[in-house]
Amino acid sequence: MLILDAHLDLSMNALEWNRDLTRPIEEIREREQGLADKPDRGRGVVCFPEMRRGGIGICVATQIARYVKRANPLPGWHSPEQAWAQTQGQLAWYRAMEERGELVQIKTRGELQKQVELWNGALVSKPARLDGHADRAGLETGAPPIGYILSLEGADSILSFKHLEQAYEQGLRALGPAHYGPGLYAQGTDATGKFPARGRELLREMDRLGMILDVTHLTDEEFWEALELYQGPIWASHSDCRALAPHQRQLNDDQIKALAERGAVIGAALDAWMMVPNWVRQKTTPQAVGLKLEKLVEHIDHACQLAGSARHSGIGSDLDGGFGREQAPMDLETIADLSRIPDMLKARGYSDGDIRAIAHGNFLTFLNSALPQ
Ligand SMILES: [Zn+2]
């Protein structure tokens, strides 16, 4: 079944982790043996062959670059200009992957439709196995390119609204003003407070351009402010449920209900610390808390129960967001395991229509009205 993953940081992995995502996952892991500069060295789970093996034919892929002021302890660039340049370098990598036939950019409804047909055709002729182990002989060779919709995570790199326009022309279709805060346009995760004036201005400019607003990583104050201020399409690309993993990073029940009323789609994420309570990074292990992929289905189910239907849930795995197997479900070997989610939903009694909606349909319907013609 076609899987749409609404959040991957592909270019960050290519340029900051120095991962060649065109290579097999075993080779990427092997080349990182002995490195200790990132917590997930040797344990990455995302590369193009594994995405194809799992039927992940469409994704939302980010540009991401934080600006940090002198006192900010978070990693990041020392000027917004460097952050802008980093996102432009990331775009250059996406373009090089397009030239190789690995990726194809989706900017319009027509391009989206084409990509869906391409992958549905490929998956019909070589159906991915859904029995718990994606078929290694499946879509590795001769598979069509993976479609990507460009999104910006954290807006620090937007030097001016001219730069935002330029980014839109480059195909940027979604933007989350915040990441881990404080940022230039929003406070973000682990921070508090409302939008600064320039953040509210950013929302107006995004509205004018017809962009998708990603509310993931906003503070609670900003979340409600955004719902009021923003006229255009809204999604939460990679957000789990606070009721199951209490932290401000996750959406609370009122937020999930409000998003459903607004026609949003919420992508459930596979970062362990967002899935279970009391996770301590680099201390807790998936084995110690028995974290399995099934937990993601619990988050999806919780959101569906609150929304009153399965029309507002999807997958935004975040599986290359600065962590690997050490901070993901213990029964997940690579991103290809997303192909097991449809069977897990079936076991919970979800109908075939609802399963397709969660696997890809809800995000496709959303994009089909949010993208330009
Ligand atoms: Zn994120």
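Residues numbered from 1 in each chain as written. Predicted model: local features only at pLDDT ≥ 70, side-chain atom pairs only at ≥ 80, totals over all residues. Heavy atoms only, no water.

1. Some remarks on the nonpolar core
- Counting 111 residues, the largest nonpolar core has Leu10, Met51, Leu259 and Leu319 as its most contacted members.
- Of the residues forming this core, the biggest block, eight residues, is contributed by helix α14 (residues 352-370).
- Among all residues touching leucine 10, those that are not within four sequence positions of it are Leu21, Val46, Phe48, Met51, Cys59, Ala61, Trp93, Tyr94 and Asp320. (Core = buried A, V, L, I, M, F, W, Y, C linked by side-chain atoms within 4.5 Å. Buried < 20%, exposed > 50% of the residue type's maximum accessible area, 1.4 Å probe, protein only. Helix = DSSP H or I, 4+ residues; strand = E, 2+ residues; numbered from the N terminus. Contact = heavy atoms within 4.5 Å.)

2. Section: the packing of helix α9 (residues 253-261) against helix α12 (residues 294-307)
- Running from amino to carboxyl end, α9 crosses α12 at an angle of 65°, the nearest separation of the two axes being 9 Å. Where α9 crosses over α12, the two elements pack in a sense that is right-handed. Taking contact as the criterion, the partners of Asp253, Ile256, Lys257 and Ala260 in α9 are, on α12, His302, Ala303, Leu306 and Ala307.
- Broken down by class, the residue content of the contact of α9 with α12 amounts to five nonpolar, one polar and two charged. (Axes fitted to C-alpha atoms, helices over the stretch in contact; angles between N-to-C directions. Left-handed = near helix turned anticlockwise from the far one by under 90°. Nonpolar A, V, L, I, M, F, W, Y, C, P; charged D, E, K, R; others polar.)

3. Considerations on the environment of glutamine 90
- Positionally, glutamine 90 belongs in helix α4 (residues 80-99).
- For glutamine 90, a relative accessible area of 0% puts it in the buried group.
- In sequence terms glutamine 90 and isoleucine 64 are 26 residues apart; their C-alpha atoms lie 8.3 Å from each other.
- Leave out the neighbours within four places in its chain, and glutamine 90 touches Ser11, Met12, Leu15, Glu16, Gln63 and Ile64.

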